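Spelled out from the first residue to the last, the chains are:
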Amino acid sequence: MMYWHDGHGMNGWGWFAMSLGMLLFWAVLIIGAVLVVRALTHAGDRARPPMRPPAGPTDTGGPTGPFPEQVLADRFARGEIDEQEYRARLATLRETADHPVKR
């Protein structure tokens, strides 16, 4: 009667190939699970618009919002004001920046 262990079993390369195959199987399984979890958790992030940092310096105690010239340039770029109004308001902003208003 023939038994499994009578000299016809796997040699060293068979054990190596089986071990390597098992490691690859678990690696693919774990990486696949991680990718699925990341795709499901980050699906809501794509719907939100990206956050923009504040335009002004916050560490020095300066203004935290966008600078007035930037707001004016944005309004001009969106077409809310024409070129003549943009230039007039920009000149006014630059004049008041040279002579700050005392309170």
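Summing up its helical and strand segments, the chain has 3 helices and 0 strands in all. The linear arrangement of helices and strands in the chain, starting from the amino end, is α-α-α. Put simply, the chain has 103 residues, and 6% of those count as buried. Pairs at least 24 apart in sequence give 10% of the contacts found in the chain among residues at least 6 apart. As displayed, the chain has an accessible area near 9700 Å², and 65% of this comes from carbon and sulfur atoms.

The next thing to look at is the pattern of salt bridges. One pass over the structure, following the stated rule, counts 5 salt bridges. Close ionic contact of Arg94 with Glu69 constitutes a salt bridge, the shortest N to O distance being 3.6 Å. Placement of Arg94 in helix H3 (residues 83-98) and of Glu69 in helix H2 (residues 68-78) is noted, with a sequence separation of 25 residues between them. With relative accessibility at 36%, the residue Glu69 sits in the partly exposed group. Of the charged contacts in the structure, one is a salt bridge between Glu80 and Arg75, with a shortest N-O distance of 3.0 Å. The class of Arg75 is partly exposed, set by a relative accessible area of 25%.

Attention now goes to the confidence of the model for the chain. Of the residues in the chain, 65% have a pLDDT of 70 or more, and the chain-wide mean is 78. Put simply, H3 is where the chain has its lowest mean pLDDT, 88, and helix H1 (residues 12-41) is where it has its highest, 92.

Let's shift gears to the packing of aromatic side chains. Aromatic rings considered in pairs are described by the distance between their centres and by the relative angle of their planes. Applying the stated criterion across every chain yields a total of 2 aromatic pairs. Measuring from ring centre to ring centre gives 5.3 Å for Phe25 and Trp26, while their planes differ by 75°; the resulting arrangement is edge-to-face. For Phe25, a relative accessible area of 46% gives the class partly exposed. Consider the rings of Phe76 and Tyr86, whose centres lie 4.7 Å apart with planes at 20°: the pair is stacked. Of the two residues, Phe76 is situated in helix H2 and Tyr86 in helix H3; the sequence distance between them amounts to 10 residues. Overall, the relative accessible area of 18% leaves Tyr86 in the buried class.

Take the packing of H2 against H3 next. Taken N-terminus to C-terminus, the directions of H2 and H3 make an angle of 180°; their axes are 10 Å apart at the nearest point. By the angle between their axes, H2 is roughly antiparallel relative to H3. Two secondary-structure elements touch here, H2 through Pro68, Glu69, Leu72, Ala73, Arg75 and Phe76 and H3 through Glu83, Tyr86, Arg89, Leu90, Leu93 and Arg94. In the contact of H2 with H3, the residues fall into 7 nonpolar, no polar and 5 charged.

What counts, and at which threshold
Residues numbered from 1 in each chain as written. Predicted model: local features only at pLDDT ≥ 70, side-chain atom pairs only at ≥ 80, totals over all residues. Heavy atoms only, no water. Helix = DSSP H or I, 4+ residues; strand = E, 2+ residues; numbered from the N terminus. Buried < 20%, exposed > 50% of the residue type's maximum accessible area, 1.4 Å probe, protein only. Contact = heavy atoms within 4.5 Å. Areas by Shrake-Rupley, 256 points an atom, 1.4 Å probe, with all protein chains shown as cover. Salt bridge = Lys/Arg side-chain N within 4 Å of Asp/Glu carboxyl O. pLDDT = per-residue confidence, 0-100. Phe/Tyr/Trp six-rings, centres within 6.5 Å; stacked < 30°, edge-to-face > 60°. Axes fitted to C-alpha atoms, helices over the stretch in contact; angles between N-to-C directions. Parallel < 35°, antiparallel > 145°, perpendicular 65-115°, else oblique. Nonpolar A, V, L, I, M, F, W, Y, C, P; charged D, E, K, R; others polar.

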